[in-house]
Amino acid sequence: MATKIPNSTAEKQWMMYMALNRYMAICDPLRHSTILTNAVVAKIGLAVLLRSGILMLPHPFLARQWPYCRTNIIPHLYCQHIAVVNLACADIHVSSYYSLSVALSVTGLDVFFITMSYIQILRAIFSLPTKDAHLKTFQTCASHLCVILASYIPALFSYVTLRFGQNVALHFHVLVANMYLLVPPMLNPIIYGTELRAEPTGDVVLGPLP
């Protein structure tokens, strides 16, 4: 539980950083290498890990404080926090509300920044003079968008079914949780590999947005 949850949270935050990287590369390419230096990237990585660790640290302590008088077996491939605390013989609203607030705040903030980055990127793309330039530039972002969808859609289904799907069959809960665990890592190399094979030969250089 203390391993999978921070990793998935950090993964979402890396997608936010990737959106920032795409924004800098497309909207302000001349300053991309001077702003996103190795030192800055290292600091961003450290901030992502610290943020994930601090936000997820209360989870194991909250789960530990509840009494467990039923089975100690959960029907999942990994120790999902909400699946563990659901085994408790006590009122787990504190754990549930904390988990909900973290999920909404972290995911909401990440999605907000990703959306704002892509709004600026699309503005820059559609300011280009030709459709061919539109297509070539958009292809540089297509893989990132596919990775975002492949990661957030299973996570959303897993989150919704665990918290609001009390009448959903157990095997469906397990299937959705396994998809959330396995589908994004399986699709990522396929998506990025496809992008490398289809990468256009011409480069499109954009200036800063007015």
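I will try to describe carefully the structure that is included in this document. (Residues numbered from 1 in each chain as written. Predicted model: local features only at pLDDT ≥ 70, side-chain atom pairs only at ≥ 80, totals over all residues. Heavy atoms only, no water.)

Some points on the overall build of the protein chain
The helix and strand inventory of the protein chain stands at 8 helices and 0 strands. Taken from N to C terminus, the helices and strands of the protein chain fall in the order α-α-α-α-α-α-α-α. In the protein chain, buried positions account for 37% of the 210 residues. Taking all contacts inside the protein chain whose residues are at least 6 apart in sequence as the whole, residues at least 24 apart take part in 72%. Accessible surface computed for the protein chain: about 12400 Å², of which carbon and sulfur atoms make up 70%. (Helix = DSSP H or I, 4+ residues; strand = E, 2+ residues; numbered from the N terminus. Buried < 20%, exposed > 50% of the residue type's maximum accessible area, 1.4 Å probe, protein only. Contact = heavy atoms within 4.5 Å. Areas by Shrake-Rupley, 256 points an atom, 1.4 Å probe, with all protein chains shown as cover.)

Digging into the pattern of salt bridges
By the definition in use, this model includes 1 salt bridge. Note that aspartate 110 is salt-bridged to arginine 51, the shortest N-O span being 3.2 Å. Remark: arginine 51 occurs in helix 3 (residues 38–56) and aspartate 110 occurs in helix 6 (residues 93–126); sequence separation between them is 59 residues. (Salt bridge = Lys/Arg side-chain N within 4 Å of Asp/Glu carboxyl O.)

A word on the packing of aromatic side chains
The geometry of an aromatic ring pair is captured by two quantities: the separation of the ring centres and the angle between the planes. The full count for this structure, using the stated rule, is 1 aromatic pair. A centroid spacing of 5.4 Å and a plane angle of 70 degrees characterise the contact between phenylalanine 112 and phenylalanine 113, whose relative ring orientation is edge-to-face. Overall, the relative accessible area of 46% leaves phenylalanine 112 in the partly exposed class. (Phe/Tyr/Trp six-rings, centres within 6.5 Å; stacked < 30°, edge-to-face > 60°.)

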